[in-house]
Amino acid sequence: MSEVVYDKSELRRARYAVATVFAVHGAVTGSFATRVPWIQDHASVSAGQLGLALAFPAIGASVAMPLASGISHRFGARAALRGLLALWTLALVLPSLAPNLLTLCVALFVYGATAGMSDVAMNALGVEVETRLDKSIMSGLHGWWSAGALIGSAAGTLAAHLGSDARLHHALAAVALTLIGVAACQGVLDLRPTEDEEAPPRFALPPRSALLIGAVGFCAVFAEGASLDWSAVYLRDVLGSSAGVAAASTTGFTLTMALARIAGDKVIDRFGPVRTVRVGGVLATLGGLLVVVADNAVVAMSGFALLGLGIAVVVPLCFAAAGRSGPNPAQAIAGVATITYTSGLIAPSAIGTIADASSLVVSFCLVTALTFGLVAFAGVLRTGARQSAEVASQEPVQRAKS
């Protein structure tokens, strides 16, 4: 990409613009998730068929994410993000229009493909802003995504409570979020390739460094998917908790994740990504152990809260490290995103399969082992580490001497 020099005020505006994009992206997810029961009834699909259909967003994302790098190269980062984000926000209307299983699967494939491509584009721009500011912002950006998802789900919950048609709800949400997203994209960095920069291949394997970084993200996202989908079931089936207490465990998990992401940038700047992830891995492993040995709801809920706290900043840091791991940030980020999406896809079913063969307690022994992997392999996040402010400040002097 071209080396355009931006002043601090432009970078701050770009940071707020990207944060808004993250929030819009999250709001689409929250808007969709709350209306899944309506979509199931409208498409007349069984629970098993719905489970099959809900695999298609991850499949679509995994297939399409490698395309994001080429689109950004051809049209420039700002125009690419604007177009991809608009496709994602407008794709929100598709699932609610599906009248049967086949059309629902197709709609969710498109929904996931546009989600994945816009995800790669916005994370690549977030990494660029972070690098130029020389301070951590990726955790906060993902915190804004969580905030957007919360707002979208709150609006969806209200719409469902009022008994509104999801087609109308999603159409109105899509228009509003598209307008906000397109306006926000005007403020992001307008990065373009240099004249002699070759276009990335349409499909390419991610670099080895991105695979290692993705493995760390895999561990965190597996624990996230397992906790989100199974924490309430764990408290109900293993500990005999009431429905309200069981649901509260999921709320506690998501709350600690959101708060840790919002506050995470200062911690990362103070201790660095490797130590932050290692400490987070210790907390998450402790949380997993509490879940496994819990004999009452309070201990298990504390364990799930620690899991959320421990893994919160891992994925943002993986995207940041991937974006600095080679000459093509979008391609490396797409590789890491594909691995993490795959983890999120297989985690819930893997937990269920293990539980059927043995028990949910054994399933969360696996989750605990994977969170310990964060402690063991956090060192790969040193790849492409940001320059310190001190080193960056010395560069002009070194150039002058040369």
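Structure shown above.
Predicted model only: the values in this text are computed from it and were never measured.

Criteria and thresholds
Residues numbered from 1 in each chain as written. Predicted model: local features only at pLDDT ≥ 70, side-chain atom pairs only at ≥ 80, totals over all residues. Heavy atoms only, no water. Helix = DSSP H or I, 4+ residues; strand = E, 2+ residues; numbered from the N terminus. Buried < 20%, exposed > 50% of the residue type's maximum accessible area, 1.4 Å probe, protein only. Contact = heavy atoms within 4.5 Å. Axes fitted to C-alpha atoms, helices over the stretch in contact; angles between N-to-C directions. Parallel < 35°, antiparallel > 145°, perpendicular 65-115°, else oblique. Left-handed = near helix turned anticlockwise from the far one by under 90°. Patch = residues over 30% accessible without salt bridge, like charges linked within 9 Å, V, L, I, M, F, W, Y side chains within 5 Å. Areas by Shrake-Rupley, 256 points an atom, 1.4 Å probe, with all protein chains shown as cover. Salt bridge = Lys/Arg side-chain N within 4 Å of Asp/Glu carboxyl O. Expected span 1.5 Å × (residues − 1).

1. Quick look at the side chain of asparagine 123
Mapped onto the elements of the fold, asparagine 123 is located in helix α8 (residues 101-133). Looking at asparagine 123, the relative accessible area reads 0%, which means it is buried. Sequence-distant contacts of asparagine 123, defined by excluding residues within four places in its chain, comprise Phe22, Met138, His142, Phe319 and Ile333.

2. A closer look at the packing of helix α9 (residues 138-161) against helix α12 (residues 243-271)
Interaxial distance between α9 and α12 falls to 7 Å at its minimum, and their mutual angle equals 165°. Considering the angle they form, α9 stands roughly antiparallel to α12. Crossing handedness for the pair α9 and α12: left-handed. Between α9 and α12, the contacting residues are Met138, Ser139, Gly140, His142, Gly143 and Ser146 on the first element and Ala258, Ala260, Arg261, Ile262, Gly264, Asp265 and Ile268 on the second.

3. A look at the environment of glycine 217
Looking at where glycine 217 falls in the secondary structure, it is placed in helix α11 (residues 208-237). Under the relative-accessibility criterion, glycine 217 is labelled buried at 0%. Leaving out residues up to four positions away in the same chain, glycine 217 has contacts with Cys318 and Thr340.

4. Here's the deal with the environment of glycine 352
Looking at the element boundaries, glycine 352 is found in helix α16 (residues 329-357). Here the alpha-carbon distance between glycine 352 and aspartate 229, two residues 123 residues apart in the chain, equals 9.9 Å.

5. Thoughts on unusual backbone geometry
The phi dihedral of serine 44 is positive, around 55°, even though this residue is not glycine. For serine 44, the position within the fold is in the loop between α2 (36-43) and α3 (47-53). The residue aspartate 134 is not glycine, and still its phi comes out positive at about 55°. Residue position: aspartate 134 is located in the loop between α8 and α9.

6. Digging into a nonpolar patch on the surface
There is a patch of nonpolar side chains on the surface, built from Ile59, Val63, Leu94, Leu97, Leu102, Val106, Phe109, Val110, Leu345 and Ile346 and spanning about 780 Å² of accessible area. Mapped by element, the contributors of at least two residues to the nonpolar patch are α4 (56-64), α7 (94-97), α8 and α16. With four residues, α8 is the largest single contributor of residues to the nonpolar patch. Its place among the elements puts leucine 345 in helix α16. Overall, leucine 345 belongs to the partly exposed group, its relative accessible area being 32%.

7. Topic: the pattern of salt bridges
Evaluation of the coordinates by the stated rule reveals four salt bridges. Note that arginine 167 is salt-bridged to aspartate 165, the shortest N-O span being 2.7 Å. For aspartate 237, the salt bridge identified is with arginine 236, shortest N-O distance 2.7 Å.

8. Some remarks on helix α14 (residues 297-311)
Between its first and last C-alpha atoms α14 spans 21 Å; for 15 residues at 1.5 Å apiece the expected length is 21 Å, and the two agree. All buried positions along α14 are accounted for by Ala297, Ala300, Gly303, Phe304, Leu306, Leu307, Gly308, Gly310 and Ile311. Contact partners of the buried residues in α14: α11, α12, α13 (273-293), α15 (314-323) and α17 (360-377).

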